[in-house]
Amino acid sequence: MGDDDTRHRSSAVHDEPVGRMGRRRFVNTLAGLGFGALSASLLTAEDVQAASSDEVPIVYGLTRDGSDSDDENAATVKPRRKTVPADWYDDFRAAVAAHRNLDVIHREEVANSAVSPGEYGGANATIRVEITAEEVRGAVPERVEETPVEVRRVERTGDRQRDADSAALRDSGALRDSDSPGQRERDGGVPGSVAVASDKLFGTLAPAMSDPRDGSLYFATANHVFGGTGNGGDSLYLLDGGRTEIGSVRSGYPKADMVCAKPTDGYRPLHRIRDGRPGRVLGQFTKVGLADLKAAGEKLEKIGAKTGHTKGKIQAVDGLTCAYGAICKRGQLKWGEESGFGDGDSGSVNFHPDPDDPDAGVLVGGFNNARTWWPGENYVWGTAAHHVTERHGFTF
């Protein structure tokens, strides 16, 4: 689900008699104006009518039914809506569509590309491309349709930075002193942001992931903690002063660098982040929701098992890289600074208080799977939650 169609101005929706339309016609009208499948399916005529003539409604997040209570098994999702300037929204959608049409990422000398959303009342959106050889610069266009392309040279240094940052299990003693006690509740509930491990590597647990199709809950962390492929059935351990098995791998998703683990009897994933203020996870941001945060200058946060609590600004969304390994990674989110991520933080999530009710809980932006790969750059990199939902169906 996305908002990438840019054939028309979104503000033209105000010229339509949306209040007199049936649901099917309304959805088709929004889709025809380029709102995309997600917005077209979840917005209402009332949302459109509540926006001023130079604004449009967006779905900035998805939350679970019952997320404001202790119901951990709610299966359905509800939209979080707001209005944004129509010209900003059209500019962002145009940039995302242009990025999908930029066919340079498969060149060996192109490290990655991503969309930097525009600012409210400031600069427009751009496509950012990082290259490792000056001779490829001429192959990258200066613009794709109406979106400018910024090219930056970064240095290739071989295996300076692995595909993602795990830490050997023998190094888990370097975790924060507060990580050993109290990592699970008396009833077996385990929150996100605690230290977990495979047989060889350790990382950080994400908050509970749900399958909206049946309401099942899973533990989740970075797939590379389990060595990539062929990890079905591998044990997931909690590092709680020892090694307690809390689940086994149900499935791994190397392209998203995510693994889901079925809980072992007696343990259950929680929609919470340990030591978070607030710590309850209500749901997740959409792609345009992340772009809206960036435009407003808001920061994301994370709590990792190694480096603890850090904050940082969003740099780019809709990222794509084929720079390391045999697979290309789409739906990447770049945020924060390299210093805010260390070996053992992989599998943690970034988050931000829910704009609708910041005291109630947070929405997840995505996983944190790696720090900067190339000298001269400075960010944390990982798969966005909306991409996981689009490709695999799981939600936070």
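Since the model is a prediction, treat every value here as computed from it, not as a measurement. (Residues numbered from 1 in each chain as written. Predicted model: local features only at pLDDT ≥ 70, side-chain atom pairs only at ≥ 80, totals over all residues. Heavy atoms only, no water.)

Student: Lay out unusual backbone geometry in plain terms, naming residues and giving numbers.
Tutor: The residue after R277, namely P278, is reached through a cis peptide bond having omega 0°. Note that P278 resides in the loop between β16 (268-273) and β17 (281-285). The backbone phi angle of D257 is positive, close to 50°, even though this residue is not glycine. Tracing the backbone shows D257 in the loop between β14 (244-253) and β15 (258-263). Take D257: its relative accessible area is 3%, and that puts it in the buried class. (Helix = DSSP H or I, 4+ residues; strand = E, 2+ residues; numbered from the N terminus. Buried < 20%, exposed > 50% of the residue type's maximum accessible area, 1.4 Å probe, protein only.)

Student: Tell me about helix α6 (residues 385-392), residues and numbers included.
Tutor: For α6, the complete set of buried residues consists of A385, H386, H387, V388 and T389. The first or second residue beyond α6 is G393, which carries a positive phi of 90°.

Student: Can you explain the pattern of salt bridges? Please cite residues and give values.
Tutor: Inspection of every chain in the model, using the stated rule, returns 14 salt bridges. The salt bridge involving D318 is made with K287; its shortest N-O contact spans 3.6 Å. Of this pair, D318 sits in strand β19 (residues 308-321) while K287 sits in helix α5 (residues 287-295); the two residues are 31 residues apart in sequence, bridging distant segments of the chain. You'll find D318 and K287 in the same group, each marked buried. (Salt bridge = Lys/Arg side-chain N within 4 Å of Asp/Glu carboxyl O.)

Student: Just give me the short version of the pairing of strand β3 (residues 110-116), but keep the residues and values in it.
Tutor: Burial of β3 is extensive: seven of the seven residues sit out of reach of the surface. Bridge count for β3 against strand β4 (residues 126-131) is six bridges, and the pairing is antiparallel. Among the inter-strand pairings, S116 is bridged to a residue of β4, identified as T126. One ladder, built from three bridges, connects β3 with β19; its direction is antiparallel. Pairing of V115 across the sheet is with V317, part of β19. (Pairing = 2+ DSSP bridges.)

Student: Requested: an account of the pairing of β19, with residues and values cited.
Tutor: The buried fraction of β19 is high, at 10 of 14 residues. Two elements, strand β18 (residues 299-304) and β19, share six bridges in a ladder whose sense is antiparallel. Looking at the pairing, K299 lines up with K313 of β19. Counting the residues that bridge the hairpin from β18 to β19 gives three residues. In terms of strand pairing, β19 meets strand β20 (residues 329-335) through four bridges, oriented antiparallel. Looking at the pairing, T321 lines up with K329 of β20.

Student: I'd love a proper account of the nonpolar core, names of residues and values included.
Tutor: Formed by 42 residues in total, the largest nonpolar core has its most connected members in F35, Y89 and L333. Counting 20 residues, the second largest nonpolar core, distinct from the first, contains M209, C260, V362 and V388. (Core = buried A, V, L, I, M, F, W, Y, C linked by side-chain atoms within 4.5 Å.)

Student: If you had to explain the state of the cysteines to someone new, which residues and values would you point to?
Tutor: As used in these notes, a disulfide is a covalent bond between sulfur atoms, one from each of two cysteines. In total, this model carries one disulfide according to the counting rule given. The disulfide that involves C322 links it to C328, with 2.0 Å between the sulfurs. Looking down the S-S bond of the C322 and C328 bridge, the torsion is 110°, so its handedness is right-handed. (Disulfide = S-S within 2.5 Å.)

Student: Describe in detail the confidence of the model for the chain, supporting the description with residues and values.
Tutor: Regions with low pLDDT should not have their predicted coordinates read in detail. Residues of the chain with pLDDT of at least 70 account for 87%, and the chain-wide mean is 87. Note on residues 158-164: pLDDT is under 50 here. Beyond four places in sequence and across chains, it has 19 contacts. In the predicted structure, residues 177-181 sits below a pLDDT of 50 and forms seven contacts with residues beyond four places in sequence or in another chain. (pLDDT = per-residue confidence, 0-100. Contact = heavy atoms within 4.5 Å.)

Student: Tell me about the packing of helix α4 (residues 86-100) against α5, residues and numbers included.
Tutor: In the contact formed by α4 and α5, the axes pass within 11 Å of each other and the chain directions differ by 120°. Taken together, the axes of α4 and α5 are oblique relative to one another. Note on packing geometry: the crossing formed by α4 with α5 is right-handed. When α4 is examined against α5, the residues W88, Y89, F92, V96 and R100 are found in contact with a partner set consisting of K287, V288, A291, D292 and A295. In terms of residue class, the contact of α4 with α5 is made up of seven nonpolar, no polar and three charged. (Axes fitted to C-alpha atoms, helices over the stretch in contact; angles between N-to-C directions. Parallel < 35°, antiparallel > 145°, perpendicular 65-115°, else oblique. Left-handed = near helix turned anticlockwise from the far one by under 90°. Nonpolar A, V, L, I, M, F, W, Y, C, P; charged D, E, K, R; others polar.)

Student: I'd love a proper account of the packing of aromatic side chains, names of residues and values included.
Tutor: A full pass over the atoms with the stated rule returns eight aromatic pairs. With 5.8 Å between their ring centres and 50° between their planes, F35 and Y89 make a pair best called tilted. With a gap of 54 residues between them, F35 in the loop between α1 (23-32) and α2 (36-42) and Y89 in helix α4 connect regions that are remote in the sequence. Residues F35 and Y89 agree in their burial class; the two are buried. Centre to centre, the rings of Y218 and F394 are 6.0 Å apart; their planes meet at 85°, and the pair counts as edge-to-face. Here Y218 is found in strand β12 (residues 216-221), whereas its partner F394 is found in the segment after α6, with 176 residues between them in sequence. Judged on exposure class, the residue Y218 and its partner F394 are both buried. Through pairs of rings, three or more aromatic residues link up here, namely W88, F92 and Y120. The positively charged end of R93 is found above the aromatic ring belonging to Y89, 4.8 Å away from the centroid. The ring of Y379 carries the charged tip of K334 above its face, separated from the ring centre by 4.3 Å. (Phe/Tyr/Trp six-rings, centres within 6.5 Å; stacked < 30°, edge-to-face > 60°. Lys NZ or Arg CZ within 6 Å of the ring centre and 35° of its normal.)

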